[in-house]
Amino acid sequence: MTDATELRRRTQELLASHPPATTGRLDFLRARFDAGLAWVHYPEGLGGLGAARSLQAVVDAELEAAGAPDNDPRRIGIGLGMAAPTILGFGTDEQKRRFLRPLWTGEEVWCQLFSEPGAGSDLAALGTRAVRQGDCWVVNGQKVWTSSAHLARWAILIARTDPDVPKHRGITYFVCDMTDPGVEVRPLRQITGEAEFNEVFLTDVRIPDARRLGETGDGWRVAQTTLMNERVSIGGTRLPREGGMIGPVARTWRERPELRTHDYHQRLLTLWVEAEVARLTGERLRQQLVVGQPGPEGSGMKLTFARLNQEISGLEVELLGEEGLSYDDWTMRRPELVDFTGRDAGYRYLRSKGNSIEGGTSEVLLNIVAERVLGLPAEPRTDKDVAWKDLAR
């Protein structure tokens, strides 16, 4: 049985055979994966050792103390937080071997082809079609709000394979090669001036059946694994005290006493406490993951994340007065990641407006919490037993 002592021993062996000071970053990350120290709770041969998830912190602490490189998790968050657990849960042995190692090392970036212009909040209404032709599926449709599509090699994709059954039952889950013919990525410029999001157009894209995850028509169940992990990865990120959005406004409060008023003081105290409660709740949620898969509780964390970010950034702009109305750079860029704390208050205020939309709208998440966490009666759904092709659009 792998315990903390054994993990420390294995980590020291890795550091001895691949000293961080003299080993290339990618070589070190590959060796770490092969040693089972990437995500220790994954199976042996897939970057893990079948150990308890909680023991990952033991490995991470040893490597951090030795100055070892990490895999830049913010840049590859979709792969780590969404694609990997879905592949692990539903992929074939061949798919796991092919995709998980370069996903974890960051050699291959992933994106998520879920939302559509007519199927965002109601994702199950998606209309992108996949038609079987021999050993391939031919896919046509449009996806939208796709983070990192301009960087990605691979995408997790859901498409409609049977329009004659109710919308939740005729969906299949695929892995799409973003370099294939027929895949077109267009930037979507946001209110921040950047274009981290994209539109993706799929025209006669051929996906081998070997890149299907799960059974044909069972894509909605597979997608639930992705979505639950997504909400945990967005709302349950591990932070130190005063990490995230509360940090910059707390620093401004301490360093700029001339800006203080009694009203700002009361509002900041309230938000500081709420941010700390959310941080500790996120830690509890991560501990729950040690004994199971993420559940609907992650939706509650994501709701809190969105609300707090918007309220905190609003307070920061007000606290700064005229300075809060300035903006550092409207240059059109296609960034590799979202950096909330590396920009100014104006950026944080504008970018946080998207927090209540991305990763599931707050309205939809409120329904999930009401029905699946609190056990309240479900909203009436008149389309539950209607074939997708007969739905009003």
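Basis of the calculations
- Residues numbered from 1 in each chain as written.
- Predicted model: local features only at pLDDT ≥ 70, side-chain atom pairs only at ≥ 80, totals over all residues.
- Heavy atoms only, no water.
- Phe/Tyr/Trp six-rings, centres within 6.5 Å; stacked < 30°, edge-to-face > 60°.
- Helix = DSSP H or I, 4+ residues; strand = E, 2+ residues; numbered from the N terminus.
- Buried < 20%, exposed > 50% of the residue type's maximum accessible area, 1.4 Å probe, protein only.
- Lys NZ or Arg CZ within 6 Å of the ring centre and 35° of its normal.
- Disulfide = S-S within 2.5 Å.
- Polar contact = N/O pair within 3.5 Å; in protein donor to acceptor, adjacent residues only side chain to side chain.
- Axes fitted to C-alpha atoms, helices over the stretch in contact; angles between N-to-C directions.
- Parallel < 35°, antiparallel > 145°, perpendicular 65-115°, else oblique.
- Left-handed = near helix turned anticlockwise from the far one by under 90°.
- Contact = heavy atoms within 4.5 Å.
- Nonpolar A, V, L, I, M, F, W, Y, C, P; charged D, E, K, R; others polar.
- Core = buried A, V, L, I, M, F, W, Y, C linked by side-chain atoms within 4.5 Å.
- Patch = residues over 30% accessible without salt bridge, like charges linked within 9 Å, V, L, I, M, F, W, Y side chains within 5 Å.
- Areas by Shrake-Rupley, 256 points an atom, 1.4 Å probe, with all protein chains shown as cover.
- Salt bridge = Lys/Arg side-chain N within 4 Å of Asp/Glu carboxyl O.
- Pairing = 2+ DSSP bridges.

Draft legend 1. Local environment of the packing of aromatic side chains. This model, assessed by the stated rule, comprises 9 aromatic pairs. An angle of 75° between the planes, with centres 5.0 Å apart, marks the rings of Phe 99 and Trp 154 as edge-to-face. Here Phe 99, found in helix α5 (residues 93–105), pairs with Trp 154, found in strand β4 (residues 154–160); they are 55 residues apart in sequence, far enough to count as distant. Given a relative accessible area of 4%, Phe 99 falls into the buried group. Three or more aromatic residues link up through ring pairs in this structure, and these residues are Phe 99, Trp 110 and Trp 154. Sitting over the face of the ring of Phe 201, Arg 186 holds its NZ or CZ atom 4.0 Å from the ring centroid.

Draft legend 2. Structural detail: the state of the cysteines. Counting across every chain of the model gives 0 disulfides. Just so you know, Cys 136 is unpaired, no disulfide at all, and the nearest cysteine sulfur is the one on Cys 176, 12 Å from it. In this structure Cys 136 comes out as buried when scored by relative accessible area, which is 18%. This cysteine, Cys 176, is not joined by any disulfide, and Cys 111 carries the nearest cysteine sulfur, 7.8 Å off. Overall, the relative accessible area of 1% leaves Cys 176 in the buried class.

Draft legend 3. Fine view of the environment of Gly 81. With respect to the helices and strands, Gly 81 occurs in helix α4 (residues 77–90). By relative accessible area, Gly 81 is classed as buried at 15%. Taking the C-alpha atoms as reference points, Gly 81 and Thr 226, 145 residues apart in sequence, are found 8.1 Å from one another.

Draft legend 4. Focus on the environment of Ser 356. Its place among the elements puts Ser 356 in the loop between α10 (345–351) and α11 (362–373). There is a polar contact of 3.4 Å between the side chain of Ser 356 and the backbone oxygen of Lys 353.

Draft legend 5. Summary view of the packing of α4 against α5. One can describe the packing of α4 onto α5 by two numbers: an axis separation of 10 Å at closest approach and a directional angle of 165°. Between α4 and α5, the crossing angle belongs to the class labelled roughly antiparallel. The crossing of α4 and α5 is left-handed. For the pair formed by α4 and α5, the contact residues are Gly 79, Leu 80, Ala 83, Ala 84, Ile 87, Leu 88 and Phe 90 on the first element and Gln 95, Lys 96, Phe 99, Leu 100, Leu 103 and Trp 104 on the second. Its residues assigned to classes, the contact of α4 with α5 shows 10 nonpolar, 2 polar and 1 charged.

Draft legend 6. Quick look at unusual backbone geometry. Even without glycine at this site, Asp 72 takes up a positive phi of about 55°. Note on Asp 72: relative accessible area 28%, which makes it partly exposed.

Draft legend 7. Region of the structure containing the nonpolar core. If you look at the biggest cluster of nonpolar residues, it comprises 32 residues, and the most contacted ones within it are Trp 39, Ile 87, Leu 100, Trp 110, Phe 114, Ile 158 and Tyr 173. Counting residues per element, the ones that place at least two in this core are α2 (25–34), α4, α5, β4, β5 (171–177) and α6 (219–235). It is α4 that contributes the most residues to this core, 6 residues altogether. Sequence-distant contacts of Tyr 173, that is, excluding residues within four places in its chain, are made with Thr 86, Phe 114, Ile 156, Leu 157, Ile 158, Arg 211, Arg 212, Leu 213, Gly 219, Val 222, Ala 223 and Thr 226.

Draft legend 8. The side chain of Thr 192, seen in detail. Note that Thr 192 resides in the loop between β6 (183–188) and β7 (197–208). Judged by its relative accessible area of 1%, Thr 192 falls in the buried class. At 3.3 Å, the side chain of Thr 192 forms a polar contact with the backbone nitrogen of Glu 194. If we skip the residues at most four places from it in the chain, Thr 192 touches Tyr 327, Asp 329, Trp 330, Tyr 347, Leu 350 and Arg 351.

Draft legend 9. Up close: a nonpolar patch on the surface. There is a patch of nonpolar side chains on the surface, built from Val 373, Leu 374 and Leu 376 and spanning about 280 Å² of accessible area. Assignment of secondary structure puts Leu 374 in the segment after α11. On the basis of relative accessible area, Leu 374 is assigned to the exposed category, the value being 58%.

Draft legend 10. Looking closely at the pairing of β4. Within β4, 7 of the 7 residues are buried, which leaves it mostly tucked inside the rest of the structure. Neither face of β4 is left uncovered, since the one carrying Trp 154, Ile 156, Ile 158 and Arg 160 and the one carrying Ala 155, Leu 157 and Ala 159 both have all their residues buried. Here 4 bridges tie strand β1 (residues 110–113) to β4, and the two strands are oriented parallel to one another. Note on β4: the bridge partner recorded for Gln 112 is Ile 156. When β4 meets β5, the two strands line up antiparallel, connected through 7 bridges.

Draft legend 11. Quick peek at the environment of Thr 172. By the element assignment, Thr 172 lies in strand β5. With a relative accessible area of 0%, Thr 172 lands in the buried category. When the C-alpha positions of Thr 172 and Asp 70 are compared, they lie 34 Å apart, and in sequence the two are 102 residues distant. Setting aside residues no more than four positions away along its own chain, Thr 172 makes contact with Leu 157, Ile 158, Ala 159, Thr 161, Arg 212, Glu 215, Thr 216, Gly 217 and Gly 219. For Thr 172, the side chain forms a polar contact with the side chain of Thr 161, separated by 2.7 Å.

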